[in-house]
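This is what each chain is made of:
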Number of protein chains: 2
Amino acid sequence: MKTRALMIGFGSVGRALARMICGKRERLAGLGFDFQLVGVFTRTKGSLVDPDGLDLEKMLSDVEAHEKFTGPSTDMTPLEACRTLDYDVLIELSTLQIEGRGEPAASHIRAALSRGKNAVTANKGPVAFAYPELGALAEKNGCKFLFESTVMDGVPVINLVRRCMKGNRITGFSGILNSTTNYILTRMEEGTSLADATAEAQRAGIAEADPRNDIDGWDAAAKVSVLARVLMGADVTPKDVDRTGIRDVTPEKIREAAARGKKCKLVCCGYLEGGAVRTSVRVEELPEDDILARLSAFDSGICIESDLMVPNYIVQKDGNPGDTAFGVLEDMLSMM
Amino acid sequence: MKTRALMIGFGSVGRALARMICGKRERLAGLGFDFQLVGVFTRTKGSLVDPDGLDLEKMLSDVEAHEKFTGPSTDMTPLEACRTLDYDVLIELSTLQIEGRGEPAASHIRAALSRGKNAVTANKGPVAFAYPELGALAEKNGCKFLFESTVMDGVPVINLVRRCMKGNRITGFSGILNSTTNYILTRMEEGTSLADATAEAQRAGIAEADPRNDIDGWDAAAKVSVLARVLMGADVTPKDVDRTGIRDVTPEKIREAAARGKKCKLVCCGYLEGGAVRTSVRVEELPEDDILARLSAFDSGICIESDLMVPNYIVQKDGNPGDTAFGVLEDMLSMM
């Protein structure tokens, strides 16, 4: 059966997804998954629509060669596409907008779910700002809204709790969930200043041109919000998270902590406390033998605490956009 | 709806499961899970049958007080019970038998599945020795055979791959999966001899009276066999695993390794190599900053490698029989 998809965004994750699907067509066909892209909408590369299916290989090579699609671009808006095109699943891969409170991605997803169409996203915003509403809408209309790749790329965290920990109550989590700041802090351990480490991350294409979402902890807070909402049922937007970024960290502070056997890490937390869920994103000094303390650069990891098990950790070594793409693909496979 | 269960074994895991179900009756009822135990069979505590449901609290207090059930013991055999009693799910919690090639547990499970009844086990033997057959039998008869708790207690490993990594191909795994030897090696790092550390583990109730399954790597080999079969489709019994235990390890060897920045660990591996799956259980010297090297005493952990993601680790801190019980419970909840 064909899975007809509409994709918003064609950045590193979208391209990794397209490459993965092209590279594994046969395996995916064996699972009954026959992917067809009926539309792709981007801010800078153009937007294409074809009800008979776009050519993924051509899209990839065009973007690689000219950073743009070739062929006639549609003047439809992404929201119009979500509302009117004929598709089975919306793949929302636009970037996190804190000031816009998860918009326009949330509206794209709302439009799909309102029509009873599945949606999958790697964008934290719509979940962090609009989750209970979007989840309820999906349930009401008998479709699915999945978003494994919003936290720790596609490493199973959300799906792990939902699909493999039934009957258990999550009592807390703490994690290293933002790679850019973890990379910067790792470089600062070696004596580099925050400004230089940030510039380095930007040159390497890891940090955005405007690095505030990372440096000020907004990306991390959005992830905390996703986890607090989905794993613990709390009503927490990124703005409700007790958040400090890494702006006040200096190589000296990191050295002093190291002398005491500690590592400075930007830790993302959510804990049940007196019936309420308390959330935070802040630099903490972790003992050097803590599993989270040992995650360098692009590693990420989370400790999940629950009332029926001892704490379990999930750790990803050196994640990349391919992992995020896999999470999107897996969510689509779970929708079949 | 009632879940009518037949239980074989009532050791630490069976008791932890009974306590968990008694303690969370209300939550489980909210999930539609209404547990009723219609029979329990043990080697040393007696065996009880009651089609109207046994009293779990009384079983727990009787065993705590006298190490035996009270009330009229049945003279039915466990196999007869599997073949004739009226139940929905068999809970097989007997212990690993290497010489018996997973029997009698495999026969108990075969009897249940042959009647179209679900089976869940924490016993590695039936999976390690009889998996493709038992899995096919379950599929043919439209029932389920689940066994998350055979590896890393109930921490999601098998279910994680099956339920959350669809479309991905597992290319290898390596893990610290036997707690008894990991505890002994941890004590040996402090200078204790193998014999003394083993005796200590026995006194603490961690190691069996006959510790050969652990010391010689059989328990670990059975876990490797389960993972190689279920995650990688290999036809590997514990006897096929390239296996050396920890008998030849000395505190001196461990000290020498430490001087080179290495930790001696009993590592369980399965890797795709030239189209075949190579499996091993042996003491390896891991670099000190390897995540697996840092798992002490009762910690366990596994690294899962796949062709669509970077390696992911799952780590359990300080596991206990409650975690195994949770895995059994979760498998039952997944059967509903």
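Below is a summary of the structure that appears in this document. All figures in this text were calculated on a predicted structure; none of them were measured in a lab. Residue positions are given per chain, counting from 1 as you read along its sequence in written order. Just so you know, chain letters begin at A and ligand numbers begin at 1, following the order they were written in. Only residues with pLDDT of at least 70 get local features here, since the model is predicted, and only at 80 or more are side-chain atom pairs given and counted; chain-wide, interface and lining totals rely on the full set of residues. To get the side-chain values, take all heavy atoms of the structure and skip hydrogens and water.

1. Quick word on the packing of helix 1 (residues 12-23) of chain B against helix 3 (residues 56-66) of chain B
Residues and elements named next belong to chain B. Every axis corresponds to a line fitted to the C-alpha atoms, with the helix fit spanning only the stretch in contact, and the corresponding angles, defined between N-to-C directions, vary from 0 to 180 degrees. Put simply, DSSP marks the helices as runs of H or I at least four residues long and the strands as runs of E at least two long, and each gets a number from the N terminus on. Running from amino to carboxyl end, helix 1 crosses helix 3 at an angle of 140°, the nearest separation of the two axes being 10 Å. The orientation of helix 1 relative to helix 3 falls into the category oblique. Seen from above, helix 1 lies across helix 3 with left-handed handedness. Along the contact surface, helix 1 presents Arg 15, Ala 18, Arg 19, Ile 21 and Cys 22, while helix 3 presents Leu 56, Glu 57, Leu 60 and Val 63. When grouped by side-chain class, the residues that make up the contact of helix 1 with helix 3 number six nonpolar, no polar and three charged. Roughly parallel refers to an angle under 35 degrees, roughly antiparallel to one over 145, roughly perpendicular to one between 65 and 115, and oblique to any angle outside these ranges. It is the rotation of the near helix from the far one that decides the hand of a crossing: anticlockwise by less than a right angle makes it left-handed, clockwise makes it right-handed. Any two residues whose heavy atoms approach within 4.5 Å at even a single point are treated as in contact. The nonpolar class holds Ala, Val, Leu, Ile, Met, Phe, Trp, Tyr, Cys and Pro. Asp, Glu, Lys and Arg form the charged class, and all remaining residues, Gly among them, are polar.

2. Quick word on the pattern of salt bridges
By salt bridge we mean one thing: a side-chain nitrogen of Lys or Arg within 4 Å of a carboxyl oxygen of Asp or Glu. As enumerated under the stated definition, the model contains 50 salt bridges over all chains in all. Two residues, Asp 34 of chain A and Lys 2 of chain A, come together in a salt bridge whose shortest N-O distance is 3.0 Å. In this pair, Asp 34 of chain A sits in strand 2 (residues 34-41) while Lys 2 of chain A sits in strand 1 (residues 2-8), placing the two residues 32 residues apart along the sequence. For Arg 282 of chain B, the salt bridge goes to Asp 242 of chain B, with nearest N and O atoms at 2.9 Å. You can see Arg 282 of chain B sitting in strand 10 (residues 276-287) and its partner Asp 242 of chain B sitting in strand 8 (residues 242-243), a full 40 residues away along the chain. Throughout, exposure labels follow a simple rule: accessible area from a 1.4 Å probe, protein chains only, divided by the maximum for the residue type, with under 20% read as buried, over 50% as exposed, and the rest as partly exposed. Classification of Arg 282 of chain B as partly exposed rests on a relative accessible area of 35%. A relative accessible area of 41% means that Asp 242 of chain B is categorised as partly exposed. When salt bridges with common partners are traced through the structure, they connect Arg 163, Glu 330 and Asp 331 of chain A together with Lys 166 of chain B into a single cluster.

3. Considerations on the relation of the copies chain B and chain A
When the copies are superposed, the least-squares fit takes in the C-alpha atoms of residues with a pLDDT of at least 70 in both. Mapping chain B onto chain A calls for a rotation angle of 180° and an axial translation of 0.0 Å; the resulting RMSD is 0.0 Å. Classification of the inter-copy transformation places it as that of a two-fold axis. Nearest to the rotation axis, the C-alpha of Ile 314 of chain B is located 2.3 Å from it, this being the minimum over chain B. Comparing contact sets, 100% of the residues at the interface of chain B also lie at the interface in chain A, consistent with an isologous, same-surface contact.

4. Quick notes on the side chain of Asp 219 of chain B
Residues and elements named next belong to chain B. For Asp 219, the location among the structural elements is in helix 11 (residues 218-232). Distance and chemistry together define a polar contact, namely a pair of N or O atoms within 3.5 Å, with one atom able to donate a hydrogen and the other to accept it when in protein, and with adjacent residues in sequence counting only for side-chain atoms on both sides. One polar contact links Asp 219 to Asn 178, side chain to side chain, over a distance of 2.9 Å. Look past the residues within four positions of Asp 219 in its chain and what remains in contact with it is Leu 96, Lys 124, Leu 177, Asn 178, Asn 213 and Asp 214.

5. With respect to the packing of helix 1 of chain B against helix 13 (residues 321-334) of chain B
Residues and elements named next belong to chain B. Interhelical geometry of helix 1 versus helix 13 gives an angle of 65° and a closest axis separation of 8 Å. As for the relative orientation of helix 1 and helix 13, their crossing is right-handed in sense. When helix 1 is examined against helix 13, the residues Ser 12, Val 13, Ala 16, Leu 17, Met 20 and Ile 21 are found in contact with a partner set consisting of Pro 321, Gly 322, Thr 324, Ala 325, Phe 326, Val 328, Leu 329 and Met 332. Of the residues assigned to the contact of helix 1 with helix 13, the class counts are eleven nonpolar, three polar and no charged.

6. Thoughts on the pairing of strand 11 (residues 300-306) of chain B
A regular strand places its side chains so that they alternate between the two faces of the sheet. Residue and element names in this part refer to chain B. Among the seven residues of strand 11, six are classified as buried, and the element is accordingly described as predominantly covered. Strands were regarded as paired on the criterion that DSSP finds at least two bridges between them. Relative to strand 12 (residues 312-316), strand 11 runs antiparallel, the two being bridged by five bridges. Bridge assignment links Ser 300 to a residue of strand 12, and that residue is Gln 316.

7. Some details on the state of the cysteines
All names here are of chain A. Any cysteine sulfur atom paired with another within 2.5 Å is treated as part of a disulfide. A full pass over the atoms with the stated rule returns zero disulfides over all chains. Distance from the sulfur of Cys 143, which forms no disulfide, to the nearest cysteine sulfur (Cys 82) is 13 Å. By relative accessible area, which is 9% here, Cys 143 ends up buried.

8. Looking at the sheet that holds strand 1 (residues 2-8) of chain B
One key point about sheets: their strands pair by backbone hydrogen bonds, in either a parallel or an antiparallel sense. All names here are of chain B. Judged by pairing direction, the sheet is mixed, and its six strands sit side by side in the order 3-2-1-4-5-6 without closing on themselves. Strands at the two margins of the open sheet, each flanked by one partner only, are strand 3 (47-49) and strand 6 (145-146). For strand 2 (residues 34-41) and strand 3, the ladder comprises three bridges, and the chain directions are antiparallel. Along strand 3, the bridge assignment pairs Phe 41 with Ser 47. The sheet strands contacting helix 5 (residues 105-114) are strand 1, strand 4 (89-92), strand 5 (118-121) and strand 6, and the helix crosses strand 4 at an angle near 170°.

9. Some details on the interface of chain B and chain A
Across the contact, 40 residues belong to chain B and 40 residues belong to chain A. One can count six salt bridges joining chain B with chain A. One salt bridge in this structure joins Glu 330 of chain B and Lys 166 of chain A, with 3.3 Å as the shortest N-O distance. On the surface where chain B and chain A come into contact, there are 19 residue pairs in polar contact (both at pLDDT 80 or more). Elements with a contribution of two residues or more to the side of chain B that touches chain A: helix 7 (158-164), strand 12 and helix 13 of chain B. Counting residues per element, the side of chain B that touches chain A draws most heavily on helix 13 of chain B, at seven residues. The residue inventory of the side of chain B that touches chain A, partitioned by class, reads 18 nonpolar, ten polar and twelve charged.

10. A look at helix 6 (residues 124-140) of chain B
Residues and elements named next belong to chain B. Two axes enter the definition of the bend at a residue: one is fitted to the seven residues ending there, the other to the seven starting there, and the bend is the angle between them. Where helix 6 bends most, the angle comes to about 100°, and this point is Ala 130, followed within four residues by the proline Pro 132. Across the 17 residues that make up helix 6, a large majority, twelve, are buried. Listed as buried for helix 6 are Lys 124, Gly 125, Pro 126, Val 127, Ala 128, Phe 129, Ala 130, Tyr 131, Leu 134, Gly 135, Leu 137 and Ala 138. The inward-facing, buried residues of helix 6 abut helix 5, strand 5, strand 6, helix 7 and helix 11.

11. Some thoughts on the side chain of Asn 123 of chain B
All names here are of chain B. Position of Asn 123 relative to the elements: it lies in the loop between strand 5 and helix 6. Of note is the side chain of Asn 123, whose polar atom sits 3.2 Å from the backbone oxygen of Thr 95. Once residues lying within four places of it in the same chain are set aside, the contact partners of Asn 123 are Glu 92, Ser 94, Thr 95, Leu 96, Ala 105 and Thr 150.

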